[in-house]
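Structural characterization, general
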Amino acid sequence: MKGRIIKGIAGFYYVDTGESGIYECKAKGIFRKDKKKPLVGDHVEIEILSEDEKTGNLTELLERKNELIRPAVANVDQALVIFALEDPKPNVALLDRFLVMMEQQEVPAAVCFNKDDLAGPEKAEKMRKIYEDCGYPVFLCSAAKKEGIDALREYLDGKTTVVAGPSGVGKSSLTNLFQSEIHMETGEISRKLKRGRHTTRHAQLIPLGKDTWLCDTPGFTSLYTENMEKEELRGYFPEFRPLEGSCRFQGCVHVKEPGCAVKNALEQGRIHRSRYENYVMFYEELKEQEKRRY
Ligand code: GDP
Ligand code: ZN
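Predicted model, so just to flag it, every value in this text is computed and none were measured.

Donor atoms from the polypeptide that coordinate the zinc ion (ligand 2) comprise Cys247 (SG), Cys252 (SG), His254 (ND1) and Cys260 (SG), at 2.1 to 2.4 Å from the metal. Coordination at the zinc ion (ligand 2) is tetrahedral: its 4 donor atoms span angles of 104 to 115° at the metal. In the primary sequence, the donor residues of the zinc ion (ligand 2) line up as C-x4-C-x1-H-x5-C. Relative accessible area serves as the criterion here: at 7%, His254 is assigned to the buried category. The class of Cys260 is buried, set by a relative accessible area of 2%.

Moving on: the pairing of strand β11 (residues 160-164). Consecutive side chains of a regular strand alternate in pointing toward one face of the sheet and then the other. Here β11 lies mainly inside the structure; 5 of its 5 residues are buried. Side chains Thr160, Val162 and Ala164 of β11 all project onto a buried face; the interleaved residues Thr161 and Val163 project onto the opposite face, where all are buried too. In terms of strand pairing, strand β8 (residues 78-84) meets β11 through 4 bridges, oriented parallel. For Ala79, the partnering residue across the bridge sits in β11 and is Val162. Where β11 lies against strand β13 (residues 212-216), 4 bridges are found, and the strand directions are parallel. The residue of β13 that forms the bridge with Val163 is Asp216.

So, about the pattern of salt bridges. Tallied over the entire structure, the rule returns 21 salt bridges. Residue Asp133 is joined to Lys129 by a salt bridge in which the shortest nitrogen-to-oxygen separation is 2.7 Å. Taken together, the positions of Asp133 and Lys129, both in helix α3 (residues 121-133) and 4 residues apart, correspond to about one turn of that helix. Residue Asp133 is classed as partly exposed on the basis of its relative accessible area, which comes to 41%. Since its relative accessible area comes to 46%, Lys129 is described here as partly exposed. The residue Glu284 makes a salt bridge to Lys287 at a minimum N-O spacing of 3.9 Å. Linking Glu284 with Lys287, this pair stays in helix α8 (residues 273-293), spanning 3 residues, or about one helical turn. Sharing partners across several salt bridges, the network here consists of Asp42, Arg64 and Glu67.

Put simply, Asp87 and Pro88 share a cis peptide bond, and its omega is 0°. Mapping Pro88 onto the fold places it in the loop between β8 and α2 (92-104). One non-glycine residue with positive phi stands out, namely Glu106, at about 60°. With respect to the helices, strands and loops of the structure, Glu106 is situated in the loop between α2 and β9 (109-114).

What follows covers the sheet that holds strand β1 (residues 2-9). Taken together, the 5 strands give a closed barrel; going around it, the order is β1-β2-β3-β5-β4, and neighbouring strands pair in mixed fashion. Between one strand axis and the next, the sheet turns by 50° as a mean value, whatever way the strands run. Two strands pair when backbone bridges link them, and strand β3 (residues 22-27) and strand β5 (residues 55-61) are joined in this way by 4 bridges, in the parallel orientation. Bridge assignment links Glu24 to a residue of β5, and that residue is Thr55.

With that settled, the discussion passes to the site of ligand 1. Taken together, 15 residues are adjacent to ligand 1, and Asp117, Gly168, Lys171, Ser172 and Ser173 come closest. A distance of 2.8 Å separates a nitrogen atom of ligand 1 from a polar side-chain atom of Asp117. The backbone of Val169 places a nitrogen or oxygen atom 3.3 Å from an oxygen atom of ligand 1. Look at ligand 1: alone it shows 580 Å² of surface, and the protein chains cover 66% of it. With 3 residues, the top contributor of residues to the shell around ligand 1 is helix α5 (residues 171-179).

Right, let's talk about the packing of helix α4 (residues 149-156) against α5 for a bit. One can describe the packing of α4 onto α5 by two numbers: an axis separation of 11 Å at closest approach and a directional angle of 75°. Between α4 and α5, the angle is such that the two are roughly perpendicular. Facing Ile149, Leu152, Arg153 and Leu156 of α4, the residues of α5 in contact are Leu174, Leu177 and Phe178. Across the contact of α4 with α5, the residue classes break down as 6 nonpolar, no polar and 1 charged.

Between its first and last C-alpha atoms α2 spans 18 Å; for 13 residues at 1.5 Å apiece the expected length is 18 Å, and the two agree. Looking only at α2, the buried set comprises Ala93, Leu94, Leu95, Asp96, Arg97, Phe98, Leu99, Val100, Met101, Met102 and Glu103. Buried residues along α2 sit against β8, β9, α3, β11 and α8. Backbone nitrogen of Ala93 and a side-chain oxygen of the N-cap are separated by 3.1 Å at the start of α2; the cap is Asn91. Glu106 sits one or two residues past α2 and shows a positive phi near 60°.

The rules we used
- Residues numbered from 1 in each chain as written.
- Chains lettered and ligands numbered in written order.
- Predicted model: local features only at pLDDT ≥ 70, side-chain atom pairs only at ≥ 80, totals over all residues.
- Heavy atoms only, no water.
- Donors = N, O, S within 2.8 Å, 3.2 Å for Na, K, Ca; no water.
- Tetrahedral: all angles 85-135°; square planar, octahedral: opposite > 155°, others 65-115°.
- Buried < 20%, exposed > 50% of the residue type's maximum accessible area, 1.4 Å probe, protein only.
- Helix = DSSP H or I, 4+ residues; strand = E, 2+ residues; numbered from the N terminus.
- Pairing = 2+ DSSP bridges.
- Salt bridge = Lys/Arg side-chain N within 4 Å of Asp/Glu carboxyl O.
- Axes fitted to C-alpha atoms, helices over the stretch in contact; angles between N-to-C directions.
- Near = heavy atom within 4 Å.
- Polar contact = N/O pair within 3.5 Å; in protein donor to acceptor, adjacent residues only side chain to side chain.
- Areas by Shrake-Rupley, 256 points an atom, 1.4 Å probe, with all protein chains shown as cover.
- Parallel < 35°, antiparallel > 145°, perpendicular 65-115°, else oblique.
- Contact = heavy atoms within 4.5 Å.
- Nonpolar A, V, L, I, M, F, W, Y, C, P; charged D, E, K, R; others polar.
- Expected span 1.5 Å × (residues − 1).

Below you can see the structure in the form of structure tokens.
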């Protein structure tokens, strides 16, 4: 039978087969042989050991479309980063860090600002403009007022989406709204997964409907930029890309060089200051990391 790994805990893999439910599976020797470790998000073939106890063995890993390192999950289509417009106020440094990580891993990302009901329209439009100008789809919504939910649901439809954001911004509230349609299945899943509750640091997939999954990444708030060279960073700010090659110096990193097209664009208001400031901050961080490495 075919299914998808929705969670892995201490050698057990929970495989959602759709119609037939969730099976607790072990990986047999075949995987050790070709050094492939099953990941949450993998499409797999299983053989059933007990229909009563819902147990089985993984027998085959199907081909992976991609594989993220953070979070460790396979076959991701896109990412959604959720912040609140108020309570808590958006931390744009964290937001930009997340977008950089997704750019580095080549995952298309969108930004969602929840709690639209708590913020004035100017604030909402200001945030929308910053990220739309960078090329990211932006969703403004209110889980409390159930506004802007349909557009968000449409973005998620038929995709596997990594969801991230600090706690308190409304991630669970939004997920619950999306899940209401498949309430029964969710109950079954939570029962199955209860024993793994302590391992909340691991990614897990939440089914929202046919071919639609959320990858929940609890505790995904401190973000890392290891394995990144400081010279790479500029490539992960999409709004800098059209200016590539326009700076006076080849290899300009847009920090202190004269004749820099990015800094010109900043002065002319074509690049948003908060984005540029975060760029410089991340750049300095990477520079420090590099110093420590050598
Ligand atoms: P999570 O930690 O990101 O999962 O956030 P929760 O979904 O638990 O929400 C945190 C708090 O914000 C709860 O008290 C929610 O009721 C509240 N909340 C969530 N969405 C909204 C919203 O759109 N507007 C307002 N005013 N409150 C919200
Ligand atoms: Zn430059």
